Amino acid sequence: MLKESVQSALNDQIQAEFHSAYLYLSMAAWCEAKNFDGFAHWMRMQAQEEMFHAMKVYDYVNMTGGRVLLQGVQQPDVDWDTPLAIFQASLAHEIYMTGRINDLLGLAMDERDHATANMLQWFIGEQVEEEANVDGICGKLTMMGDNMHAVYMMDRELAARPVPTPPAVA
Ligand code: FEO
């Protein structure tokens, strides 16, 4: 059975993951408006992953006898200057999300809630992967600078991102 403090923090995390999905969808919309179809596709796939993250926590709360209480999702940013600015904002967001997961794991350990800590270990690995992916894209876009031909080649490369599959519940 979930403790109240853990349940509340997990509900906050569900909101944060849905906000992430909304933010990436907003980034996809910007990319589509600017005809960066590959970047837009990558962001759509990222939005789907974030929905899976939200639902993994949602399902876990239900599975452990807790109560999911959905909260409002705040409006995401809608404007950026360049694809590089978008991916830099994405990296900053993932670093923020990593901090949230670390705090959640710290709470679960303080509460001696080993089941929740075990579930959160999946997110620890996932955040390492997400930060590394976005950091790599930022590095390449930074090297390309104003070379729009190179940026469009990158756009085509990111169009190949596969559709994500949902993770196991716990
Ligand atoms: Fe679910 Fe990208 O953090």
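Presented here is a report on the structure given in the accompanying data block.

Calculation notes
- Residues numbered from 1 in each chain as written.
- Predicted model: local features only at pLDDT ≥ 70, side-chain atom pairs only at ≥ 80, totals over all residues.
- Heavy atoms only, no water.
- Core = buried A, V, L, I, M, F, W, Y, C linked by side-chain atoms within 4.5 Å.
- Buried < 20%, exposed > 50% of the residue type's maximum accessible area, 1.4 Å probe, protein only.
- Helix = DSSP H or I, 4+ residues; strand = E, 2+ residues; numbered from the N terminus.
- Contact = heavy atoms within 4.5 Å.
- Lys, Arg positive; Asp, Glu negative; His and termini not counted.
- Salt bridge = Lys/Arg side-chain N within 4 Å of Asp/Glu carboxyl O.
- Expected span 1.5 Å × (residues − 1).

Thoughts on the nonpolar core
Step number 1: In terms of nonpolar packing, the biggest core is built from 25 residues, with Phe39, Met43, Ile86, Phe87 and Leu141 touching the most fellow members.
Step number 2: Among the elements that make up this core, the one with the highest residue count is helix α1 (residues 4–33) (six residues).
Step number 3: If we skip the residues at most four places from it in the chain, methionine 43 touches Tyr24, Met27, Ala28, Ile86, Phe87 and Ser90.

Topic: the environment of leucine 69
Step number 1: Residue position: leucine 69 is located in the loop between α2 (37–63) and α3 (83–110).
Step number 2: A C-alpha to C-alpha distance of 9.4 Å links leucine 69 and glutamine 15, two positions 54 residues apart in sequence.

Concerning the side chain of glutamate 50
Step number 1: Structurally, the position occupied by glutamate 50 is in helix α2.
Step number 2: Buried within the structure, glutamate 50 lacks any salt-bridge partner; arginine 161 is the closest side chain of opposite charge, at an N-O distance of 7.5 Å.
Step number 3: Not counting residues up to four positions away in its chain, the partners in contact with glutamate 50 are Glu17, Ser20, Ala21, Tyr24, Glu94 and Glu130.

As for α2
The α-helix advances 3.6 residues per turn, and as a result positions three or four apart in sequence lie on the same side.
Step number 1: Taking 1.5 Å of rise per residue, 27 residues should cover 39 Å, and α2 covers 39 Å from first to last C-alpha, within 8% of that figure.
Step number 2: Following α2 by one or two positions, glycine 65 adopts a phi angle in the positive range, close to 80°.

Quick look at the side chain of glutamine 7
Step number 1: Inspection of the secondary structure assignment puts glutamine 7 in helix α1.
Step number 2: For glutamine 7, a relative accessible area of 12% puts it in the buried group.
Step number 3: Once residues within four sequence positions are removed from consideration, glutamine 7 is found in contact with Leu2, Gly66 and Arg67.

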